[in-house]
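What the coordinates show
So the chains spell out like this:
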Amino acid sequence: MANDHDTVAYDVQDGIAWLRFNRPDKRNAMSPTLNRAMMEALDELEFRDDVGVLVLTGEGQAWTAGMDLKEYFRETESQGLKGTRKAQRESYGWWRRLRWYQKPTIAMVNGWCFGGGYGPLFACDLAFCADEAKFGLSEINWGILPGGGATKVAVELLPFRKAMYHAMLGEPIDGRTAADWGLVNESLPLAQLRDRVTQVARALLEKNPVALKATKDAVRRVGAMTYDEAEDYLVRAQEAANAYDNEGRKEGIRQFIDEKSYKPGLGAYDK
Ligand code: ACO
């Protein structure tokens, strides 16, 4: 079933929410309208019992061509600082929401991914792309710095020299290069992309959902901590997770030690 936001669409199938940028004629550029619709769609999907994994992809040739130069920049700037700040809140807001989303998230980058697109790209826990996709920090090509977190994303995901080159030259790279550089987990031919993402999503659906949320948050949090801070955070995060899932990990131990029905080193216990 698709929802009725016209700039955003989604379907839920077998535990997977397929959420789509839906302005193919504008290469899925992020307008204020689209940004508001994305926040609403994320709200609608986050705690649905029939959603275990969220995949973010794009209709048509683009994942997203970044911020809408007309509607996000020119038209909001014409309203003064108030308009600019509102548009920033609306876009950064849904990317932040996505970074800390309750369910595991996968970016399925089917085509163009520019500039502001690096916000939702980084916000997704995992990312898979088509060899045919093109990624670029194109801001420099039209005269601004990579803002909206894009520079931070480049520095988080790329080695220093690659981040600097990518930001300063504005040259697009293809999907395979993006995977080689670490912008995405894997690149594969477009014709195989959805099957591979479905396979990964299904594997995630087999895992303990409380442990998955604790794990994805931990990976994002510990990078900025000292070792001792991280150790402390992880102890407390596990204890907090135990409060929501008293039985899951005990069952995981039981099936291995007593029942001998699986090996944790090789796969997940039967939920
Ligand atoms: N903002 C506003 N409109 C856009 C954007 C955008 N970011 N990207 C594409 N469009 C529009 C075009 O203006 C065009 O509209 P029209 O049909 O009304 O003329 C339509 O989408 C199709 O775009 P084309 O350029 O004709 O599509 P093509 O497939 O030839 O090229 C490409 C695709 C390479 C993505 C090109 O559209 C492009 O360079 N877009 C801008 C990419 C970019 O630099 N984005 C901003 C990054 S910086 C930031 O996000 C902060």
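Residues numbered from 1 in each chain as written. Predicted model: local features only at pLDDT ≥ 70, side-chain atom pairs only at ≥ 80, totals over all residues. Heavy atoms only, no water.

1. Overview of the site of the ligand
Taken together, 18 residues are adjacent to the ligand, and Lys26, Ala65, Met67, Gly116 and Ser138 come closest. In the environment of the ligand, a nitrogen atom lies 2.7 Å from a nitrogen or oxygen atom belonging to the backbone of Ala65. Between an oxygen atom of the ligand and a main-chain N or O atom of Met67, the distance comes to 2.8 Å. Secondary structure elements with two or more residues in the shell around the ligand: helix 2 (69–77), strand 6 (112–114) and helix 5 (139–142). Taken together, the residues of the shell around the ligand break down into eight nonpolar, five polar and five charged. (Near = heavy atom within 4 Å. Polar contact = N/O pair within 3.5 Å; in protein donor to acceptor, adjacent residues only side chain to side chain. Helix = DSSP H or I, 4+ residues; strand = E, 2+ residues; numbered from the N terminus. Nonpolar A, V, L, I, M, F, W, Y, C, P; charged D, E, K, R; others polar.)

2. Some words on the confidence of the model for the chain
Regions with low pLDDT should not have their predicted coordinates read in detail. Taken over all residues, the pLDDT of the chain has a mean of 96, while the share at 70 or more is 98%. Predicted as a complex, the structure gets a pTM of 0.96 and an ipTM equal to 0.99. (pLDDT = per-residue confidence, 0-100.)

3. A closer look at the sheet that holds strand 2 (residues 16–21)
Pairing in this open sheet of six strands is mixed, and the strands run 1-2-3-5-7-10 from one edge to the other. The open sheet has two edge strands, strand 1 (8–13) and strand 10 (186–188), and neither has a second partner. With strand direction ignored, the average angle separating the axes of adjacent strands in the sheet is 20 degrees. For strand 7 (residues 126–130) and strand 10, the ladder comprises three bridges, and the chain directions are parallel. Looking at the pairing, Phe128 lines up with Glu186 of strand 10. (Pairing = 2+ DSSP bridges. Axes fitted to C-alpha atoms, helices over the stretch in contact; angles between N-to-C directions.)

4. Here we look at the packing of helix 2 against helix 3 (residues 81–99)
It is the contact of helix 2 with helix 3, at a shortest axis distance of 8 Å, that shows an interaxial angle of 155 degrees. Between helix 2 and helix 3, the angle falls in the class roughly antiparallel. Relative to helix 3, helix 2 is oriented so that their crossing is right-handed. Along the contact surface, helix 2 presents Tyr72, Thr76 and Glu77, while helix 3 presents Gly83, Thr84, Ala87, Gln88, Ser91 and Tyr92. Counted by class, the contact of helix 2 with helix 3 contains three nonpolar, five polar and one charged residues. (Parallel < 35°, antiparallel > 145°, perpendicular 65-115°, else oblique. Left-handed = near helix turned anticlockwise from the far one by under 90°. Contact = heavy atoms within 4.5 Å.)

5. Things to note about the packing of helix 10 (residues 209–222) against helix 11 (residues 227–244)
As a packed pair, helix 10 and helix 11 sit with axes 10 Å apart at the nearest point and diverge in direction by 160 degrees. Relative to helix 11, the element helix 10 lies roughly antiparallel. For helix 10 against helix 11, the interelement crossing comes out right-handed. Here Val210, Ala214, Asp217, Ala218, Arg221 and Val222 of helix 10 lie close against helix 11, whose contacting residues are Ala230, Tyr233, Leu234, Ala241 and Tyr244. Across the contact of helix 10 with helix 11, the residue classes tally to nine nonpolar, no polar and two charged.

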